[in-house]
Amino acid sequence: MTKARVIIENVQPQVEGGLYPAKRTVSERIDISAHIFTDGHDHIRAEVLYKAFDENSWTVLELQNQGNDEWSASFYPIKKGEYTFTIQAWIDHFETWYDGFVKKANAKVEVQVELLEGAAFLKRLSNGKDDLEKLSIQLADKKRYAENIQLILNDSFASIIKSNPLRENISRTDRVYKIIVEHHKALFSTWYELFPRSASLEGKHGTFKDVVRLLPRISAMGFDVLYMPPIHPIGKINRKGKNNNVLSVAGEPGSPWAIGSEEGGHKATHLALGTLSEYKQLIVDAKNQGIDIALDLAFQCAPDHPYVKEHPEWFKQRPDGSIQYAENPPKKYQDIYPFDFECEQWQALWEKLKSVVLFWIDQGVKVFRVDNPHTKPIPFWQWCIAEVNKQHEDIIFLSEAFTRPKIMASLAKIGFTQSYTYFTWRVNKQEIIEYMQELVNSPSRNYFRPNFWPTTPDILPYHLHYQGENMFITRLAMAATLSSSYGIYGAAYELLDNVSWNGKEEFNDSEKYEVKHYDWKKTNRMTDIMTLLNKARKKHKALQSTWNIQFLNIENSNLLAYIKSTDDLSNIVLVVVNLDQHNKQSGYIQLPKSKLKLAEYINVKLHDQITDEYFTWTQEWNYVELDPNKIPFHLFELTINESNM
């Protein structure tokens, strides 16, 4: 039993009642909130106590009542690592007394007894504070009745109330909540994917050295992560041919996801690409240009992978003596053997797979794109990522799991840094708004960091089949501005590969099964816009967060408009997208006066970061017109005349 009367519920941020830590990054605002209430009308005071992993004492922030018993406070973490917080609240009888006194005094009600009550409160709070002791004595002096009333009604007395909370019968959350604060790149990253075997400028099988020669191009376009499909030896048994043909012909390279051959397995490089030392040099050269090399972590084996011979117990044995290959009926992947995570030697398997991750970190890899993590046990990933994080800082794990929502969510909760999303299939205005609202405002905001991809080597969505450049640019612009992390599959995207295989969501002549020969020196309207978009993302902090979006009113279903801004409004961007790739569209946008703190007189300057055009808006509703054949979107930097605010 307890005398504490304050109830604290729905503490945020939390994940599954505190089972997993919430996620934030350095300098990203952390909003702490809770529902806090009590019986009756007594006044509540509430505080959040937080500290970083290396701090011994709590930092205390007062929570503010936002109405409807919802309380909140915010702070900005300045270091990486684990933060913990708790909330405490109590009925402040001193503040309750003060509120009642003011109301009675203003109503000319006799308050002599109330003055004595105030004196008693000050006496309890004085605790060696001479100023409070003197005030207590004064309020108890009946001869100074009128003077004491005016003293309490003076604004300065309100500050005494605020500065001297009467803490009694404190309620406190029954647990300490955790927040993991990671480096900025966990939130903001710009990915470029290419097949290294297609990187040659001479029309032959590409190598790591060819990729090095492409680094200036990738850096100039503004990408800071270069992701390559698996770089390991490719199996020869059951090697797939062109367009996933179950039979390959001589010279066909096979799928890089069919990992392992007599050349080695997950800790080896494909000799046609280059040696391990050449790969390590690629990592160094890329880092010198501000690019991280992302390794594709695909935990599966080709039939001729060394593990199959050395550890047959790690694979599922069928009654006929064969090993079970991967299937997603009716699809069959005869060139891939999945691991059996329920085998008797599962612990040895886990340790071996962890050693693969650690091996590549030792070579200089800091970013992993994890292939199909939803087809491996989630407890394995939770253990593996935690083990890696104990030894190494700032490792990014991107979950490539286009699967059911709850599985995608679980992978994010247990440790994946970023996640592929359903953006690839969100096309019309309402779908996009609803999906962004779900990402930003649902509980998943505390653990799920989206990474938007318009296409991948596995997916050519229907809305891009045989479509023109305008549609590709529109999808690029939305990916780059809706989400703080996004990626493209190049060079297929900038060169507008739009041909599907048999009308399916797959590329015809897929690069997964053959070497492509691109003109890597070619630039076009798409590469120019890509470069300008990425330049704007680096320049504008407002574009470096997913969580600060507000959609604007515009009465045209073909036009999508949204604002992003920093907390202090020092950086504001407005994006307007024409979803109709063929026709000019127009409409009136309503500026969010409250969000932008605009006064009645409006004077907003707009600078388009793509076309370098300038505009001025002087009213709440403003006309926009977008001709997709000129440019299918605006990316405005907004400058507000200070007299407006």
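Only a predicted model underlies this, so the values are computations on that prediction, with no experimental measurement involved. (Residues numbered from 1 in each chain as written. Predicted model: local features only at pLDDT ≥ 70, side-chain atom pairs only at ≥ 80, totals over all residues. Heavy atoms only, no water.)

Structurally, the position occupied by I160 is in helix α5 (residues 155–163). Spatially, the C-alpha atom of I160 lies 70 Å from that of T269, the residues being 109 residues apart in sequence. Ignoring any residue separated from it by four or fewer positions in sequence, one finds I160 in contact with L132 and L135. (Helix = DSSP H or I, 4+ residues; strand = E, 2+ residues; numbered from the N terminus. Contact = heavy atoms within 4.5 Å.)

This part is about empty space enclosed by the protein. What the rule picks out here adds up to one cavity of 30 Å³ or more. Considered as a void within the structure, the largest cavity measures approximately 70 Å³ in volume. For the lining of the largest cavity, the per-class residue count stands at eight nonpolar, two polar and one charged. (1 Å grid on protein atoms, 1.4 Å probe; cavity = no way out; pocket = protein on both sides within 12 Å on 5 of 7 lines; lining within 4 Å. Points joined across faces, edges and corners; volume = space filled by probe spheres on them. Nonpolar A, V, L, I, M, F, W, Y, C, P; charged D, E, K, R; others polar.)

As a further point, take the layout of surface pockets. By volume, the largest pocket amounts to about 1600 Å³. Those elements that provide at least two residues to the lining of the largest pocket are β14 (326–328), β15 (331–333) and β16 (367–371). As for the second largest pocket, its lining consists of 39 residues, of which E28, R29, R445, S545 and W547 are closest to the centre. If you list the elements that add at least two residues to the lining of the second largest pocket, you get β2 (22–25), β3 (30–37), α12 (429–441) and β21 (549–551).

Sheet strands pair by backbone hydrogen bonding; their relative direction is either parallel or antiparallel. Here we have eight strands laid out as an open sheet, ordered β19-β18-β17-β16-β13-β12-β11-β20, and parallel in their pairing. Each edge of the open sheet carries a strand with a single partner, namely β19 (450–451) and β20 (485–489). Here strand β18 (residues 418–420) pairs with β19 via two bridges, running parallel. Across the sheet, Y420 pairs through a bridge with N451, a residue of β19. (Pairing = 2+ DSSP bridges.)

Turning our eyes to something else, we now look at the packing of aromatic side chains. Under the defined criterion, the tally for this structure stands at 46 aromatic pairs. Judged by centre distance (6.4 Å) and plane angle (65°), the rings of W97 and F157 are edge-to-face. Here F157 lies in helix α5 and W97 lies in helix α1 (residues 93–106), a separation of 60 residues in the sequence. Each of the two residues, W97 as well as F157, counts as buried. With a centroid separation of 5.0 Å and 75° between ring planes, the pair formed by W346 and W350 is classed as edge-to-face. Of this pair, W346 and W350 are both found in helix α9 (residues 346–362), four residues apart, which corresponds to roughly one turn of the helix. Judged by relative accessible area, W346 falls into the partly exposed class, the value being 34%. Overall, W350 belongs to the buried group, its relative accessible area being 14%. (Phe/Tyr/Trp six-rings, centres within 6.5 Å; stacked < 30°, edge-to-face > 60°. Buried < 20%, exposed > 50% of the residue type's maximum accessible area, 1.4 Å probe, protein only.)

A word on the UniProt feature "site: Transition state stabilizer" (unreviewed entry) in the protein chain. Here the UniProt-annotated "site: Transition state stabilizer" (unreviewed entry) positions come out as D458. By the secondary structure assignment, D458 is in the loop between β19 and α13 (469–482). If we ignore the near neighbours within four places in the chain, the residues touching D458 are R369, E400, E505, E506 and K512. (UniProt positions renumbered as here; feature names shortened; annotations may be inferred.)

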